[in-house]
Amino acid sequence: MLSRFNLAPLFRAHWKGLTNGITSPTPDWPSRLILMFVPVIVGVFSALFGWRLMAPGALLAGVTLLAGSLLSAFTHLSSLRMKISEWTEENSDRFNVERAMLDETAAHLLLASLASIVNAVIIVIGLNFHSGVKEEIDGFWAAVSLAFSSWTVMLFVLCLPRLYSAYVEINHVEENLSGFTRRRGRSK
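Residues numbered from 1 in each chain as written. Predicted model: local features only at pLDDT ≥ 70, side-chain atom pairs only at ≥ 80, totals over all residues. Heavy atoms only, no water.

**Points about the side chain of Glu 104**
Mapped onto the fold, Glu 104 is located in helix H4 (residues 96-128). When near neighbours in sequence (up to four residues on either side) are disregarded, Glu 104 contacts Gly 17 and Arg 162. (Helix = DSSP H or I, 4+ residues; strand = E, 2+ residues; numbered from the N terminus. Contact = heavy atoms within 4.5 Å.)

And the structure:
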């Protein structure tokens, strides 16, 4: 059936992940608004000011590599999440925060990979509809590609602190090497 192509759960998980707290989560509206409006603003500015992609081939290579690397990061994240589940069978409260961070990040990584794939398609279409002699993209296709590029970058940046925090907590990184000023009290 067509349910195999249903991306709604991925978008729902992404949206649900943009919350503060685990037991009684509240929406993180600043993050949600930034993720919604910055790509739109980039796309509108691109269209208004006539921004062009002068070397779309480089961007195409970049977004396709990023799509693959994000999928690879997801598989590593998935393995780490499985390991946490194995460690905590007898003590289900241990690593709750880290588990939630990894669950949230999984949806963001997959959505960023999807955005990269869509952006690659947009670039290919834009290359076929470019208006000049040179291989560049302008107008609508450049605006949409730049909007998707900014959204992908923001999703990627959103994942980095979560992944690092989970790494520090799960692996009990020493305070003198941790980028965080304080660690939550965890038993080793």
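On we go.
**Here's the deal with a nonpolar patch on the surface**
A cluster of nonpolar side chains, Trp 15, Trp 29, Leu 33, Met 36, Phe 37, Val 40, Ile 41, Val 44, Phe 45, Leu 48, Phe 49 and Trp 51, forms an exposed patch at the surface whose accessible area comes to about 1,200 Å². The leading source of residues in the nonpolar patch is helix H2 (residues 29-49), at 10 residues. When you line up the elements, Phe 45 lands in helix H2. (Patch = residues over 30% accessible without salt bridge, like charges linked within 9 Å, V, L, I, M, F, W, Y side chains within 5 Å. Areas by Shrake-Rupley, 256 points an atom, 1.4 Å probe, with all protein chains shown as cover. Salt bridge = Lys/Arg side-chain N within 4 Å of Asp/Glu carboxyl O.)

**Overview of the packing of helix H3 (residues 56-87) against helix H5 (residues 139-170)**
Viewed as axis vectors pointing N to C, H3 and H5 meet at an angle of 30°, and their least axial separation amounts to 12 Å. In terms of their interaxial angle, H3 and H5 are classed as roughly parallel. As H3 packs across H5, the resulting crossing turns out to be left-handed. Taken together, the residues of H5 that come into contact with H3 (itself represented by Leu 59, Leu 66, Leu 70, Leu 77, Leu 80, Ile 84 and Trp 87) are Ser 145, Ser 149, Thr 152, Phe 156, Leu 163 and Ile 170. Among the residues forming the contact of H3 with H5, the class breakdown is 10 nonpolar, 3 polar and no charged. (Axes fitted to C-alpha atoms, helices over the stretch in contact; angles between N-to-C directions. Parallel < 35°, antiparallel > 145°, perpendicular 65-115°, else oblique. Left-handed = near helix turned anticlockwise from the far one by under 90°. Nonpolar A, V, L, I, M, F, W, Y, C, P; charged D, E, K, R; others polar.)

**Topic: the packing of aromatic side chains**
To describe a pair of aromatic rings, you give the distance between the ring centres and the angle between the ring planes. Inspection of every chain in the model, using the stated rule, returns 6 aromatic pairs. Each ring, one from Trp 15 and one from Trp 29, has its centre 6.0 Å from the other, and the planes form 75°; the classification is edge-to-face. Of this pair, Trp 15 sits in helix H1 (residues 8-17) while Trp 29 sits in helix H2, and the two are 14 residues apart along the sequence. Given the relative accessible area of 32%, Trp 15 is considered partly exposed. Their ring planes at 80° and their centres at 5.6 Å tell us that Phe 45 and Phe 49 sit as a pair that is edge-to-face. Linking Phe 45 with Phe 49, this pair stays in helix H2, spanning 4 residues, or about one helical turn. Its relative accessible area of 40% is what places Phe 45 among the partly exposed residues. Residue classification places Phe 49 among the exposed positions, given a relative accessible area of 57%. (Phe/Tyr/Trp six-rings, centres within 6.5 Å; stacked < 30°, edge-to-face > 60°. Buried < 20%, exposed > 50% of the residue type's maximum accessible area, 1.4 Å probe, protein only.)

**Description of the environment of Ser 150**
Within the secondary structure, Ser 150 is located in helix H5. Taking the C-alpha atoms as reference points, Ser 150 and Ser 78, 72 residues apart in sequence, are found 26 Å from one another.

**Section: the environment of Phe 140**
Within the secondary structure layout, Phe 140 lies in helix H5. Here Phe 140 falls in the exposed class, since its relative accessible area comes to 57%. Sequence separation of Phe 140 and Arg 12 is 128 residues, and the distance between their C-alpha atoms is 28 Å.

**Topic: the nonpolar core**
Core analysis: the biggest nonpolar cluster contains 20 residues, and Leu 35, Leu 102, Trp 151, Leu 155 and Ile 170 have the highest contact counts within it. Those elements that place two or more of their residues in this core are H3, H4 and H5. The element best represented in this core is H4, accounting for 7 residues. Sequence-distant contacts of Leu 102, that is, excluding residues within four places in its chain, are made with Leu 77, Leu 80, Arg 81, Ile 84, Leu 163, Ala 166 and Ile 170. Counting residues in each nonpolar core, the second largest holds 8 residues, with Leu 53, Ala 120, Ile 123 and Ala 142 among its members. (Core = buried A, V, L, I, M, F, W, Y, C linked by side-chain atoms within 4.5 Å.)

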